[in-house]
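A structural walkthrough
Given next are the chains, with one letter for each unit.
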Amino acid sequence: MPELPEVETIARKLKPQLVGKTIQDAQLRWQRTLAFPSPRKFRGLIKGQQIQNVTRRAKYFILQLSDFSLLIHLRMSGDLLIKKGKIKPEKHDRLILNLLSAEGDLSHLVFNDTRKFGRVWLTANAEDVLGKLGPEPLSRAFTSRWLHTALHSRHRLLKPLLLDQTFLAGIGNIYADESLHLAKLHPLAASDSVTEQQAEALHRSICQVLKEGIRRNGASFDWVYRGGEYHFRVYDRTGKPCPVCGTSIERILVGQRSTHFCPTCQRLS
DNA sequence: CACGTCACCTGCGTGC
DNA sequence: TGCACGCAGGTGACGT
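Residues numbered from 1 in each chain as written. Chains lettered and ligands numbered in written order. Predicted model: local features only at pLDDT ≥ 70, side-chain atom pairs only at ≥ 80, totals over all residues. Heavy atoms only, no water.

Among the residues making up helix α4 (residues 144–152), those that are buried are Leu147, His148, Ala150 and Leu151. Projected down its long axis, α4 carries its buried residues within an arc of 170°, all on one side. Contacts made by the buried residues of α4 are with α5 (158–163) and α7 (196–215). (Buried < 20%, exposed > 50% of the residue type's maximum accessible area, 1.4 Å probe, protein only. Helix = DSSP H or I, 4+ residues; strand = E, 2+ residues; numbered from the N terminus. Arc of directions from axis to C-beta. Contact = heavy atoms within 4.5 Å.)

It is worth spelling out the pairing of strand β3 (residues 51–57) at this point. As defined by bridge partners, β3 adjoins strand β4 (residues 60–65) across six bridges and the pair is classed as antiparallel. Considered in β4, the bridge of Arg56 is made with Phe61. The turn joining β3 and β4, which pair antiparallel and follow one another in sequence, is formed by two residues; a positive phi near 55° is taken by Ala58. (Pairing = 2+ DSSP bridges.)

What the five strands build is an open sheet, ordered β2-β9-β5-β4-β3; its pairing is mixed. Bordering the open sheet on either side are β2 (34–36) and β3, each of which pairs with just one other strand. Ignoring strand direction, the axes of neighbouring strands in this sheet form an average angle of 20°. Both β4 and strand β5 (residues 69–73) contribute to a ladder of five bridges, which runs antiparallel. (Axes fitted to C-alpha atoms, helices over the stretch in contact; angles between N-to-C directions.)

Here we take up the packing of helix α1 (residues 4–18) against α7. Two numbers describe how α1 lies on α7: the axes approach to 8 Å, and their chain directions differ by 35°. Like other packed secondary-structure pairs, α1 and α7 cross with a definite hand, here right-handed. Across from Leu4, Pro5, Glu8, Thr9 and Arg12 in α1, the residues of α7 making contact are Leu210, Gly213 and Ile214. In terms of residue class, the contact of α1 with α7 is made up of four nonpolar, two polar and two charged. (Left-handed = near helix turned anticlockwise from the far one by under 90°. Nonpolar A, V, L, I, M, F, W, Y, C, P; charged D, E, K, R; others polar.)

Quick look at the sheet that holds strand β6 (residues 78–84) now. Strand pairing in a sheet relies on backbone hydrogen bonds, with the paired strands running either antiparallel or parallel. Across the sheet, which stays open at both edges, the four strands sit in the order β1-β7-β8-β6 with antiparallel pairing between neighbours. The two strands at the open ends of the sheet, each matched to only one other strand, are β1 (22–28) and β6. Put simply, the sheet's adjacent strands are angled 20° from each other on average, direction ignored. Bridging between β1 and strand β7 (residues 93–100) involves six bridges; their strand directions are antiparallel. Residue pairing across strands places Ala26 opposite Leu97, the latter belonging to β7. On the sheet, α1 packs against β6, β7 and β8 (106–113) and is oriented at approximately 30° with respect to β6. Packing against the sheet, helix α2 (residues 39–46) makes contact with β1 and β7, and its axis sits at approximately 165° to β1.

Looking now at the pattern of salt bridges. Per the stated rule, a full pass over the model turns up 12 salt bridges. With its nearest N and O atoms 3.9 Å apart, the salt bridge here joins Asp25 to Lys47. Here the residue Asp25 occupies a position in strand β1, and Lys47 occupies one in the loop between α2 and β3, the gap between them amounting to 22 residues. Taking relative accessible area as the criterion, Asp25 reaches 17% and is therefore assigned buried. Its relative accessible area of 41% is what places Lys47 among the partly exposed residues. In this structure, the salt-bridge partner of Arg145 is Glu196, at a minimum N-O distance of 3.7 Å. Here Glu196 lies in helix α7 and Arg145 lies in helix α4, a separation of 51 residues in the sequence. The partly exposed category is assigned to Glu196, whose relative accessible area is 41%. A cluster of three or more residues bridged by salt bridges with shared partners is formed by Glu8, Arg12, Arg56, Arg57 and Glu136. (Salt bridge = Lys/Arg side-chain N within 4 Å of Asp/Glu carboxyl O.)

Fair warning: the whole summary comes from geometry, so function is off the table for now.
Listed below in structure tokens is the structure:
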């Protein structure tokens, strides 16, 4: 489900509710949700850990604990919720952490994930999981110079390259389509054919759509994440008018992923 | 190295 | 109403 803006939105909301809480116990309700370590070790290690910070790297949540990092990836259908008091698990709750505040109040961090693709890691070395990720698009490391050079260091189609988390980390199917449209670049363009001006436009567009996503608290789909108000330009708008020129938005498959673009604004040279 | 295919999962909308 | 089918925000393991 969530891409960088959705994860950032959730992380900002969770942080004040989690920092300072102590993890009393964990209920793992779907074994494969836990990527590392084994369920037995996980439960032993996480008990008594205090949550010291909540941050984000790409589409991963990082819960900084006393002695470990708890990393969470929501993949397609995951969500993180806080519930207060006593609770009974819902159908798709995969992991529940029982939390205790300094005042002795009970609450729960619930990882709900319909499709079971989401994963959780408990590790002393977060780099083992995050080490292969490309730069953060909203960091100072991501510049249009870097992007232009990086695009020319490979021969790939633009859209699949934007989705490659080792190239640039945090963009998913929505924001890839949205940034290519804003930059007036065709999703099937070859990465090493992009001019310096086009790379500048793409850099600007990526930053703009991600910031817009964060400002609007992410995008919403009625069946999963609610509350966000990011407005799609092309994504999920097949047959509807391009907001720039009015041409009908087209949908094609690129690398097995649904891809939306304006055939007038985004020419393949 | 680049790309295609499949696997992992459940649920929803569509059309017959 | 029932049922088959296609589709979904992600990633990783294969094979060519």
